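One-letter residues, chain by chain:
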Amino acid sequence: MNPPLAVATAVTFVWLGMVLAISFLETPLKFRAPEVTLRVGLGIGRMVFRALNAAEVALAVVLVVAGVLGGVTGRVAAGGTIAVVILAVQVGAVRPALSRRTDRVLAGEDPPRSRGHHAYIGLEIAKVLALLVTGALLLAT
């Protein structure tokens, strides 16, 4: 495997691991911990997802650059592109709406439940699948 493809493979699996650990392990468990109120959980979540999304953007950039330098095409490029586009939608559209709701809760309001969380979770599942397929295809290269 050429060095750029090795980097792309490593980055894909690091990105996948981060999403699985934060979105599907830390986040649900945080709200089940004793003494963690909704406000505290949302405050922590805001900080954690801001950091996760920043790391994801950096990993996405490295993935794209390594993919271009490594000459990926076809299904590998499609899988990586899907993951990057999903991240862009999450960061550019879904997270801002969730942040506005979080602002209201942290200000003491009791806004109605948000469907944005369901959209974010659905996109996270799709992103996990895209990263898993991309990583598997890179390994097979």
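Residues numbered from 1 in each chain as written. Predicted model: local features only at pLDDT ≥ 70, side-chain atom pairs only at ≥ 80, totals over all residues. Heavy atoms only, no water.

## Observations regarding the packing of helix H1 (residues 3-30) against helix H2 (residues 38-70)
Relative orientation of the contacting elements H1 and H2 amounts to 165°, with a least axis distance of 9 Å. Considered as vectors, H1 and H2 are oriented roughly antiparallel to each other. Between H1 and H2 lies a crossing of left-handed hand. Residue classes in the contact of H1 with H2 are distributed as 21 nonpolar, 7 polar and 3 charged. (Axes fitted to C-alpha atoms, helices over the stretch in contact; angles between N-to-C directions. Helix = DSSP H or I, 4+ residues; strand = E, 2+ residues; numbered from the N terminus. Parallel < 35°, antiparallel > 145°, perpendicular 65-115°, else oblique. Left-handed = near helix turned anticlockwise from the far one by under 90°. Nonpolar A, V, L, I, M, F, W, Y, C, P; charged D, E, K, R; others polar.)

## A few points about the pattern of salt bridges
Inspection of every chain in the model, using the stated rule, returns 5 salt bridges. Residue Lys-30 pairs with Glu-26 through a salt bridge whose shortest N-O separation is 3.6 Å. Of the two residues, Lys-30 and Glu-26 are both situated in helix H1; the distance of 4 residues between them amounts to about one turn of the helix. Classification of Lys-30 as buried rests on a relative accessible area of 8%. With relative accessibility at 23%, the residue Glu-26 sits in the partly exposed group. The residue Lys-127 makes a salt bridge to Glu-56 at a minimum N-O spacing of 2.5 Å. Of the two residues, Lys-127 is situated in helix H4 (residues 116-139) and Glu-56 in helix H2; the sequence distance between them amounts to 71 residues. The two residues Lys-127 and Glu-56 agree in class, both being buried. If you follow the salt bridges from partner to partner, you end up with Glu-56, Glu-124 and Lys-127 in one network. (Salt bridge = Lys/Arg side-chain N within 4 Å of Asp/Glu carboxyl O. Buried < 20%, exposed > 50% of the residue type's maximum accessible area, 1.4 Å probe, protein only.)

All we've got here are geometric facts, nothing functional implied.
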